[in-house]
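# Summary of structural features
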Amino acid sequence: MAERAEVVIVGGGIMGMSLAYSLTRLGVKDVVVLERSSLAAGASGRSGALLRQHYSNVPEATLAYLSLQTYANWDDVIGGSCGFDKTGLIATVATRDENCVNIERMRRNIAMQNGIGIQSRIITADELFEMQPFTNVDDLDVAAYEPESGYVDSVAATRSMAEAAARGGARVVEGCAVTGINVAGDRVTAVETSQGTFEARNVVCAAGAWSTPLLASIGIDVPVEAQRVQVAVLTRPLAMPPEGTMTYVDTAGGTFLRNFGPNRTLVGVGGGEFHDIVDPDDYDGRCDRGFPDVAIEYLSRRMPAMRDAAFLHGHAGLYDMTPDAHPIIGHGRGIDGLYLMLGFSGAGFKKGPAVGQCMAELIAEGRSRTLDLGPFRLERFDDDNWRLPWSPDEYSFSTDFGHGF
Ligand SMILES: Cc1cc2nc3c(=O)[nH]c(=O)nc-3n(C[C@H](O)[C@H](O)[C@H](O)COP(=O)(O)OP(=O)(O)OC[C@H]3O[C@@H](n4cnc5c(N)ncnc54)[C@H](O)[C@@H]3O)c2cc1C
């Protein structure tokens, strides 16, 4: 006998869980999340989960802002803990030579962000040095400072969201791989899984870097590639403060970093040789032998005392990259009842709660009230306009950081 659900969600990462939770809040109780492995087995469990709000476009800045309200008030809104640590956040972009345009762009982007409600301001390099005296600011003129931002524990957040969804009536099935999507005419009818058929009026693909082959099997081509990205956890030397640092998205220096519990720092580096396109079903989840030295080298350019940091452990995870590094959120092309929430391009964790809310409104009410999802639709890739920047104030990058702002 086939099982039945109003909504089947494929993928138990932050997106799948956030959507399940939001659907139950809108009164849709008959929701099933199918996860082929275990909760947060994909990018969500390997994420840095830095919560930056600094974007140069309104739609993504809004998703980051709305989501931060949930992360920062987790116990009241979701219940439990997501490990939110409000460290404050520094975002840098190169501002020298041909990148000098970035200073004015940062001013305008911050004005845009303030208009949304984001607390951010531009600070000089000297101000940054006063706040974080272990920071080398020689290459910086300005930075964006977000006092309310920080990071979360990605596994705790995903798990807590799953528990909230379950309290609302949703069912989470781990160890259940979706092997096919059934379509009759132009309507989705069911999914085939390792545990049998689940009939459903609505099917949502939230399968991250694994979405491409699943959707290709029903003729939907999503331009999403799996990009392997590494992070290292380091023990801080005595010269660094024990309480740690602010959270940094340092595109000028080519790193992102945050505290990882007491006395430890998590660091990732920008693009280059450590970002490679892989088969998501056959990639190495460990960090490469040479990666820790490179991470320490990059990090110590910004924080010289970190040259003496000790490598503790590291891992690799997958970014589900789209060609424009913006996500795909909305209807599945021409198939009634099919929805897509994928392609978060290495920047999805910070947006999880709000994306789930928008998607739940789209499914339950026919339209997202919270935010117009139009810019995120898959169909944008049908013409060359997808190459156009989403804002006149998109930054010029001198390094390949993996994704823009
Ligand atoms: C190293 C690293 C650092 C990052 N740092 C940040 C950061 O600092 N800030 C930020 O905002 N974002 C960051 N990200 C990105 C962020 O983690 C992702 O955008 C986000 O977690 C994506 O969530 P998701 O639910 O869409 O996908 P995933 O978490 O990948 O979930 C997809 C799930 O689908 C399951 N699945 C796949 N195929 C099937 C199937 N056929 N049947 C059933 N289940 C299936 C998988 O097992 C997986 O659990 C980082 C990512 C990585 C890898």
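Below is a short write-up of the structure. (Residues numbered from 1 in each chain as written. Predicted model: local features only at pLDDT ≥ 70, side-chain atom pairs only at ≥ 80, totals over all residues. Heavy atoms only, no water.)

### Considering the overall build of the chain
The criterion, for reference: By definition, any uninterrupted DSSP run of H or I lasting at least four residues is a helix, any uninterrupted run of E lasting at least two residues is a strand, and each is numbered from the N terminus. As defined in this context, the radius of gyration uses C-alpha atoms, and a globule is described by 2.2 Å times the residue total to the power 0.38. Summary of the burial criterion: residues with accessible area below 20% of their type's maximum are buried, those above 50% are exposed, and those between are partly exposed, where the area comes from a 1.4 Å probe applied to protein chains only. Any two residues whose heavy atoms approach within 4.5 Å are treated as being in contact. Neither His nor the chain termini are counted; the positive set is Lys and Arg, and the negative set is Asp and Glu. Just so you know, the charge point we use is NZ for Lys, CZ for Arg, CG for Asp and CD for Glu.
A tally of regular secondary structure across the chain gives ten helices and 19 strands. Computed over its C-alpha atoms, the radius of gyration of the chain comes to 21 Å, within 12% of the 22 Å expected for a compact globule of 405 residues. If one aligns the C-alpha atoms of the chain with their principal axes, the spans along those axes are about 65 × 40 × 40 Å. Out of the 405 residues in the chain, the part that is buried amounts to 57%. Counting contacts in the chain only where the partners sit at least 6 residues apart, residues at least 24 apart contribute 75% of the total. Taken as two groups, the 34 positive and 52 negative side-chain charges of the chain have centres that lie 3 Å from each other.

### A word on the site of the ligand
Put simply, the rule reads: The near set for a molecule or strand comprises every residue that places at least one heavy atom within 4 Å of it. Two N or O atoms count as a polar contact when they lie within 3.5 Å, although within protein this holds only if one can serve as hydrogen donor and the other as acceptor, and sequence-adjacent residues are included solely when both atoms are side-chain atoms. With residues, only the protein chains shown are counted as cover, and all accessible areas are computed by Shrake-Rupley using a 1.4 Å probe.
Near the ligand there are 35 residues, and of these E35, S44, S47, V178 and K350 occur at the shortest range. At a separation of 2.6 Å, an oxygen atom of the ligand approaches a polar side-chain atom of E35. V178 is positioned such that a nitrogen or oxygen atom in its backbone is 2.9 Å from a nitrogen atom of the ligand. Look at the ligand: alone it shows 1000 Å² of surface, and the protein chains cover 97% of it. Among the secondary structure elements, those contributing two or more residues to the shell around the ligand are helix 1 (14-25), strand 2 (31-35), helix 2 (43-46) and strand 17 (310-321).

### Examining the packing of helix 1 against helix 10 (residues 352-365)
Quick reminder of the rule: The axes are straight lines fitted to the C-alpha atoms, using for helices just the contacting stretch, and the angles between their N-to-C directions are given from 0 to 180°. Roughly parallel means an angle under 35 degrees; roughly antiparallel means over 145; roughly perpendicular covers 65 to 115; every other angle is labelled oblique. Should the near helix be turned anticlockwise from the far one by less than a right angle, the crossing is left-handed, and should it be turned clockwise, the crossing is right-handed. Note on residue classes: Ala, Val, Leu, Ile, Met, Phe, Trp, Tyr, Cys and Pro are nonpolar, Asp, Glu, Lys and Arg are charged, and everything else, Gly too, is polar.
The geometry of helix 1 relative to helix 10 is characterised by a closest axis approach of 8 Å and an angle of 50 degrees between their N-to-C directions. By the criterion of interaxial angle, the relationship of helix 1 to helix 10 is oblique. Classified by chirality, the crossing of helix 10 by helix 1 is right-handed. Contacts from I14, M15, S18, L19, S22 and L23 of helix 1 reach helix 10 at G352, P353, V355, G356, Q357, M359, A360 and I363. Considered class by class, the residues forming the contact of helix 1 with helix 10 number nine nonpolar, five polar and no charged.

### Details of the side chain of N202
Looking at where N202 falls in the secondary structure, it is placed in strand 11 (residues 196-205). With a relative accessible area of 7%, N202 lands in the buried category. Once residues within four sequence positions are removed from consideration, N202 is found in contact with E6, V7, V8, R187, V188, G337, Y339 and I363.

### Quick word on the pairing of strand 13 (residues 247-250)
The condition is simple: By this definition, two strands are paired if DSSP reports at least two bridges between them.
Alternating residues of strand 13 divide into T247 and V249 and Y248 and D250, and every residue in both groups is buried. Of the pairings in the sheet, the one linking strand 13 to strand 14 (residues 255-259) comprises three bridges and is antiparallel in character. Looking across to strand 14, one finds that Y248 is bridged to L257. Where strand 13 folds back on strand 14, the antiparallel hairpin that results is connected by four residues, among which G254 adopts a positive phi of roughly 80 degrees.

### Details of helix 7 (residues 154-167)
Worth spelling out the cut-off: Here the expected span of a helix is defined as 1.5 Å times the quantity of residues minus one.
Helix length check: helix 7, at 14 residues, gives a terminal C-alpha distance of 20 Å against a target of 20 Å (1.5 Å per residue), a fit within 8%. Looking at helix 7, one finds that the buried residues are S154, A157, T158, S160, M161, A162, A164 and A165. Buried residues belonging to helix 7 abut helix 1, helix 2, helix 3 (58-72), helix 4 (74-77) and helix 10. Taking the backbone nitrogen of V155 as reference, a side-chain oxygen 3.1 Å away marks D153 as the first, capping residue of helix 7. Downstream of helix 7 by one or two residues, G169 has phi in the positive range, about 115 degrees.

### Thoughts on the packing of helix 1 against helix 7
Contact geometry of helix 1 with helix 7 gives a least axis separation of 8 Å together with a crossing angle of 30 degrees. Considered as vectors, helix 1 and helix 7 are oriented roughly parallel to each other. The two elements helix 1 and helix 7 cross, and the hand of that crossing is left-handed. Of the residues in helix 7, those touching helix 1 at I14, M17, S18, A20, Y21 and T24 are A157, T158, M161, A162, A164 and A165.

### Quick word on helix 10
When the terminal C-alpha atoms of helix 10 are compared, their 20 Å separation across 14 residues agrees well with the 20 Å that a helix rising 1.5 Å per residue should span. Among the 14 residues in helix 10, eleven count as buried, and that is most of the element. Burial in helix 10 covers these residues: G352, P353, A354, V355, G356, C358, M359, A360, E361, L362 and I363.

Interpretation note: all reported values are geometric properties and have no functional meaning in isolation.
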